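Summary of structural features
Next come the chains, spelled out residue by residue.
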Amino acid sequence: MPIASTVPIASTVPIAIASTVAAVGKPRRMDTRSIGLAGARGWRKRVANVAAGPVSKRSSLSEEQVRAGVGGLFLLLSIVYVASALVDLARRNR
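Residues numbered from 1 in each chain as written. Predicted model: local features only at pLDDT ≥ 70, side-chain atom pairs only at ≥ 80, totals over all residues. Heavy atoms only, no water.

With that out of the way, let us pick up a nonpolar patch on the surface. Taken together, the side chains of Tyr-81, Val-82, Leu-86 and Leu-89 define a hydrophobic patch exposed on the protein surface, amounting to about 450 Å² of accessible area. Position of Val-82 among the secondary structure elements: in helix α3 (residues 63-92). (Patch = residues over 30% accessible without salt bridge, like charges linked within 9 Å, V, L, I, M, F, W, Y side chains within 5 Å. Areas by Shrake-Rupley, 256 points an atom, 1.4 Å probe, with all protein chains shown as cover. Salt bridge = Lys/Arg side-chain N within 4 Å of Asp/Glu carboxyl O. Helix = DSSP H or I, 4+ residues; strand = E, 2+ residues; numbered from the N terminus.)

What follows is about the packing of helix α2 (residues 43-58) against α3. In a packed pair of helices, the relevant descriptors are the angle between the two axes and the axis-to-axis distance. In contact at an axis separation of 8 Å, α2 and α3 are set at 140° when each is read in the N-to-C sense. Relative to α3, the element α2 lies oblique. As α2 packs across α3, the resulting crossing turns out to be right-handed. Side by side, α2 and α3 meet where Trp-43, Arg-44, Val-47, Ala-48, Asn-49, Ala-51, Ala-52, Gly-53, Val-55 and Ser-56 of the first sit next to Glu-63, Val-66, Arg-67, Val-70 and Phe-74 of the second. Across the contact of α2 with α3, the residue classes tally to nine nonpolar, three polar and three charged. (Axes fitted to C-alpha atoms, helices over the stretch in contact; angles between N-to-C directions. Parallel < 35°, antiparallel > 145°, perpendicular 65-115°, else oblique. Left-handed = near helix turned anticlockwise from the far one by under 90°. Contact = heavy atoms within 4.5 Å. Nonpolar A, V, L, I, M, F, W, Y, C, P; charged D, E, K, R; others polar.)

Time to look at the environment of Ala-40. By the element assignment, Ala-40 lies in the loop between α1 (32-38) and α2. A relative accessible area of 6% means that Ala-40 is categorised as buried. Residues Ala-40 and Gly-69, 29 residues apart in the sequence, show an inter-C-alpha distance of 9.3 Å. (Buried < 20%, exposed > 50% of the residue type's maximum accessible area, 1.4 Å probe, protein only.)

So this is what it looks like as structure tokens:
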């Protein structure tokens, strides 16, 4: 059963998220890296992997941080796309 929890801003997403209870009864929290990597699936993961090496060499970010950033961007774009589709649907049904 999901539990709503507030997560610290310093290390994780600064919003209340639903976390699942682990087998030992402790809630698992998603940090920003986990959320970003969740957005990198399929061809998006391949894009993130290709970008990770060159970008990490030219910046102070690690390859994993670049992958999480690219995945987070794709996740955000997906959310915006679904939200705009729902808004269009709601406007048409008025």
